[in-house]
Amino acid sequence: MHLTVWTYEGPPHVGAMRVATAMKDLHYVLHAPQGDTYADLLFTMIERIPRRPPVTYTTFQARDLGSDTATLFKDSVQAAYERFQPKAMIVGASCTAELIQDDPGGLAEALQLPIPVVPLELPAYQRKENWGAAETFYHLVRALAGPHAPPPGERRESSPDGTPRCNILGPTALGFRHRDDVREVVALLQELGVAINVVAPLDAAPADLARLGEADFNVVLYPEIADTAARWLKRTFGQPMTSVIPIGVNATCDFIREVAALAELDAQPMLERQQSRLPWYSRSIDSTYLTGKRVFVFGDATHVLAAAKVARDELGFEVVGLGTYSREFAREVRALAKEMGLEALITDDYLEVEQRVTELQPELVLGTQMERHIAKRLGIACAVISSPIHVQDFPAAHSPQMGFEGANVLFDTWVHPLMMGLEEHLLGMFREDFEFNENAAPSHLGRYGGPTAVASPEPAAPEPAPAVPASDGEPCWAPDAEKALGQIPFFVRGKARRNTESFAREQGVSTITVETLYDAKAHFSR
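Novice: Provide a residue-level description of the overall build of the protein, including the pertinent values.
Specialist: Along its length, the protein carries 19 helices and 14 strands. Counting only residues that meet the buried cut, the protein has 51% of its 526 residues in that class. Considering only contacts within the protein whose residues lie at least 6 apart along the sequence, 71% involve residues at least 24 apart. Here the protein displays about 26,200 Å² of accessible surface, and carbon together with sulfur accounts for 52% of that area.

Right under this line is the structure:
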């Protein structure tokens with residue numbers, strides 16, 4: 001562990017909270033000191049859910065460490081059961097409480113409550129949030145669905161009416177557009193003719209988890225959360241699982257084909273009806289300037305893998321870097337990076353990500369809220385594609401990432417920062433124009449727009465400043481060349497600077513002037 005200002009994932013007990021908060025009739029008793037109750041704010045202030053998370057904290061203090069903290073935990077479990085009357089309960093310890101080794105699972109079992117109590121062993125100093133969510137969901141599924149598993153060798157009963165049924169696994173509280181994704185994927189499956197058995201953990205009750213084995217197959221939307229549980233269901237109930245994540249038009253079509261094969265249905269009529277506007281918009285005349293834009297992608301593995309493919313294959317961007325903080329899925333990200341001729345960045349240190357972005361100077365960053373801050377500081381366009389996210393990434397409007405409508409959202413979210421960047425550049429370019437300066441009246445109001453700005457006398461031209469020195473024999477920029485470079489739109493300015501400096505080195509030019517800038521432009525335009 002190391003001290004950091006920002007972190008991509010919280011400790012594993014926050015992952016457990018995400019599962020508990022997503023579900024109904026489930027309560028989480030967390031052995032934790034007073035300071036660890038901060039996690040409530042993640043759900044009430046960032047996701048803006050209209051209720052507190054179903055979590056009871058023991059909130060022991062320093063003076064309690066010299067007494068019996070085990071009794072404090074048992075009293076908290078008993079009080080939580082009597083007050084909230086849950087249908088099932090999970091118990092565990094936060095990273096701080098883990099050090100006092102009170103065994104929450106054993107203590108809760110000794111109470112002999114009349115409901116299932118699932119103990120969680122979440123090593124806070126070795127694992128993180130997504131792993132904690134996956135482990136929590138897996139143990140809940142085993143505890144609640146396990147008793148209904150068929151004996152070894154016995155086939156599971158199929159649907160009485162012959163309609164194929166599936167479970168949708170993975171969406172949780174505090175997930176990036178999870179609720180909207182579920183709505184979109186449910187509509188796709190129902191249009192295809194597949195019935196939904198259970199969606200979990202989101203909005204599922206313990207009784208719903210007990211019915212997971214009644215489905216014919218499982219749709220895994222977020223492998224970081226659901227992969228472990230889905231593999232157990234495959235071994236125990238013989239349920240196959242999907243592998244395609246429907247983000248982007250191509251992946252959504254592949255997902256429909258995969259589900260149709262599992263359900264023994266014909267996918268072609270539905271594929272012919274797909275209504276996404278992304279394919280045409282990305283080929284239209286207004287989008288031709290997008291071709292070849294340099295893009296850096298970082299986030300959780302699910303969204304990084306999908307975003308990189310959409311950027312390359314559907315929008316014509318050039319992916320110049322990609323990476324993830326999801327170490328459990330580093331192999332898949334490295335494989336895609338190798339396919340794209342890149343080296344994947346596997347790290348949970350935002351400073352390493354910032355360094356890579358600074359080195360690559362992309363024209364668009366697709367990442368988390370941390371990459372949004374990094375890109376803003378570097379003057380690079382950015383769109384958020386993955387957790388961790390902030391309050392503005394929980395929009396009131398339906399805004400999925402998955403399915404055909406999700407593809408439309410991707411186009412708008414990724415392309416608009418580039419288009420706004422062009423507008424901002426034009427405003428900056430004409431800022432000193434007599435008609436568009438900040439003191440001029442709005443042109444659409446004519447002579448009624450207020451007092452006309454009085455032209456001020458032209459200031460005397462300043463003496464030309466010396467060229468900006470460079471280090472280690474690198475060419476330096478003359479002030480007039482720097483000013484001319486500033487007239488180039490910021491989303492291609494980095495490329496223009498790199499090309500000009502490369503040209504100057506090849507030509508042996510020590511000071512880059514305006515003439516050098518134009519010579520380099522002509523050279524690279526051939």
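The rest of the description comes next.
Novice: Please give an account of the pattern of salt bridges that cites residues and values.
Specialist: Counted by the stated rule, this structure contains 18 salt bridges. Asp-348 serves as the salt-bridge partner of Lys-128, at 2.5 Å between the closest nitrogen and oxygen. Of the two residues, Lys-128 sits in the loop between strand E4 (117–119) and helix H5 (129–145) while Asp-348 sits in the loop between strand E10 (345–346) and helix H14 (350–360), which places them 220 residues apart along the sequence. Where Glu-339 meets Arg-312, a salt bridge forms, and the shortest distance between an N and an O atom there is 3.1 Å. Here Arg-312 lies in helix H12 (residues 301–313) and Glu-339 lies in helix H13 (residues 330–339), a separation of 27 residues in the sequence. Overall, Arg-312 belongs to the partly exposed group, its relative accessible area being 30%.

Novice: Explain the side chain of Thr-516 to me, and be specific about the residues and the numbers.
Specialist: Structurally, Thr-516 can be placed in helix H19 (residues 514–524). On the accessibility criterion, Thr-516 (8% relative accessible area) is buried. Once you skip the residues sitting within four places of it in the chain, Thr-516 turns out to touch Thr-500, Phe-503, Ala-504, Val-509 and Thr-511.

Novice: Give a description of the packing of aromatic side chains that names residues and reports values.
Specialist: The relative placement of two aromatic rings is captured by the distance of their centres and the angle of their planes. Applying the stated criterion across every chain, the model contains 4 aromatic pairs. Between Trp-232 and Phe-237, the aromatic rings sit 6.1 Å apart at their centres with planes inclined by 75°, giving edge-to-face as the arrangement. In terms of burial, Trp-232 and Phe-237 fall into one category: buried. Pairwise contacts between aromatic rings join Tyr-8, Phe-298 and Tyr-325 into one cluster. Sitting over the ring of Trp-477, Arg-497 keeps its end group 5.0 Å from the ring centre.

Novice: Go over the sheet that holds strand E9 (residues 318–324), please, and point to the residues and values.
Specialist: Strand pairing in a sheet takes place through backbone hydrogen bonds and is either antiparallel or parallel in direction. Reading across the sheet, the 5 strands line up as E10-E9-E8-E11-E12 and stay open at both edges, with parallel pairing between neighbours. Because the sheet does not close on itself, it has two edges, and the strands there are E10 and strand E12 (381–384). As judged from the 6 bridges shared by strand E8 (residues 294–299) and E9, these two strands associate in the parallel manner. What sits directly across from Val-295, in E9, is Val-319. Of the strands in this sheet, E8, E9, E10 and strand E11 (364–367) touch H14, which is tilted by about 175° from E8. The sheet contacts of helix H15 (residues 369–378) involve E8, E11 and E12, and relative to E12 the element is tilted by about 170°.

Novice: Account for the pairing of strand E1 (residues 26–31), naming residues and giving values.
Specialist: Most of E1 sits inside the fold, with 6 of its 6 residues counted as buried. One ladder, built from 6 bridges, connects E1 with strand E3 (residues 88–93); its direction is parallel. Its bridge partner being in E3, Tyr-28 is matched across the sheet by Ile-90. Taken together, the 3 bridges between E1 and strand E2 (residues 55–57) define a ladder with parallel strand orientation. Across the sheet, the residue bridging to Tyr-28 is Val-55, located in E2. Once you follow E1 into helix H2 (residues 40–46) and on to E2, the crossover reads as right-handed.

Novice: Describe the environment of Pro-400, with residues and values.
Specialist: Structurally, the position occupied by Pro-400 is in the loop between E12 and helix H16 (403–429). Judged by its relative accessible area of 0%, Pro-400 falls in the buried class. Dropping the residues within four chain positions of it, Pro-400 is found in contact with Asp-180, Asp-181, Glu-184, Glu-405, Gly-406 and Val-409.

Novice: Residues and numbers for the sheet that holds E4, please.
Specialist: Strand order in the open sheet formed by 4 strands is E2-E1-E3-E4, and the pairing between neighbours is parallel. Among the strands making up the open sheet, the edge pair consists of E2 and E4. Across the sheet, the mean angle separating the axes of adjacent strands is 20° when strand polarity is ignored. Sheet strands in contact with helix H1 (residues 12–22) are E1, E2 and E3, and its direction is about 160° off that of E1. Most of the contacts of H5 go to E4, to which it runs at about 140°, and overall it touches E1, E3 and E4.

Novice: Outline helix H8 (residues 223–237), listing residues and values.
Specialist: Listed in full, the buried residues belonging to H8 are Pro-223, Glu-224, Ile-225, Ala-226, Asp-227, Ala-229, Ala-230, Trp-232, Leu-233 and Phe-237. Along its buried surface, H8 packs onto H1, H5, strand E5 (165–169), strand E7 (217–220) and H12. Gly-238 occupies a position one or two residues after H8 and carries a positive phi of about 70°.

Novice: Got a sec to walk through helix H6 (residues 178–192)? Specific residues and values, please.
Specialist: In a regular helix each residue adds 1.5 Å, so 15 residues correspond to 21 Å; H6 covers 21 Å between its end C-alpha atoms and thus fits that length. Positive phi appears at Gly-193, one or two residues downstream of H6, with a value of about 105°.

Novice: I'd like a rundown of the environment of Lys-483, residues and numbers included.
Specialist: The topology assignment puts Lys-483 in helix H17 (residues 479–486). Each C-alpha atom, one on Lys-483 and one on Val-514, is 8.9 Å from the other, the two residues being 31 residues apart in sequence.

Novice: Got a sec to walk through the pairing of E12? Specific residues and values, please.
Specialist: Side chains Ala-381 and Ala-383 of E12 all project onto a buried face; the interleaved residues Cys-382 and Val-384 project onto the opposite face, where all are buried too. For E11 and E12, the ladder comprises 4 bridges, and the chain directions are parallel. Bridge assignment links Leu-366 to a residue of E12, and that residue is Ala-383. In this region the chain leaves E11, passes through H15 and returns to the parallel neighbour E12; the handedness of that crossover is right-handed.

Novice: Residue-level account of the environment of Leu-305, with values.
Specialist: Structurally, the position occupied by Leu-305 is in helix H12. Counting along the chain gives 18 residues from Leu-305 to Gly-323, while the straight-line C-alpha distance between them is 9.0 Å. The residues touching Leu-305, leaving out its near neighbours within four places in the chain, are Glu-332, Val-333 and Leu-336.

Novice: Talk me through the packing of H6 against helix H9 (residues 249–263); I want residue IDs and the actual numbers.
Specialist: Two elements in contact, H6 and H9, have axes whose closest approach is 11 Å; the angle formed by their N-to-C orientations is 50°. Judged by the angle between their axes, H6 and H9 are oblique. In this structure, H6 meets H9 at a crossing whose hand is right-handed. Facing Val-185, Leu-188, Leu-189 and Leu-192 of H6, the residues of H9 in contact are Thr-252, Phe-255, Ile-256, Val-259 and Ala-260. Looking at side-chain class alone, the contact of H6 with H9 contains 8 nonpolar, 1 polar and no charged residues.

What counts and what doesn't
- Residues numbered from 1 in each chain as written.
- Predicted model: local features only at pLDDT ≥ 70, side-chain atom pairs only at ≥ 80, totals over all residues.
- Heavy atoms only, no water.
- Helix = DSSP H or I, 4+ residues; strand = E, 2+ residues; numbered from the N terminus.
- Buried < 20%, exposed > 50% of the residue type's maximum accessible area, 1.4 Å probe, protein only.
- Contact = heavy atoms within 4.5 Å.
- Areas by Shrake-Rupley, 256 points an atom, 1.4 Å probe, with all protein chains shown as cover.
- Salt bridge = Lys/Arg side-chain N within 4 Å of Asp/Glu carboxyl O.
- Phe/Tyr/Trp six-rings, centres within 6.5 Å; stacked < 30°, edge-to-face > 60°.
- Lys NZ or Arg CZ within 6 Å of the ring centre and 35° of its normal.
- Pairing = 2+ DSSP bridges.
- Axes fitted to C-alpha atoms, helices over the stretch in contact; angles between N-to-C directions.
- Right-handed = clockwise from strand over helix to strand, strands pointing away.
- Expected span 1.5 Å × (residues − 1).
- Parallel < 35°, antiparallel > 145°, perpendicular 65-115°, else oblique.
- Left-handed = near helix turned anticlockwise from the far one by under 90°.
- Nonpolar A, V, L, I, M, F, W, Y, C, P; charged D, E, K, R; others polar.

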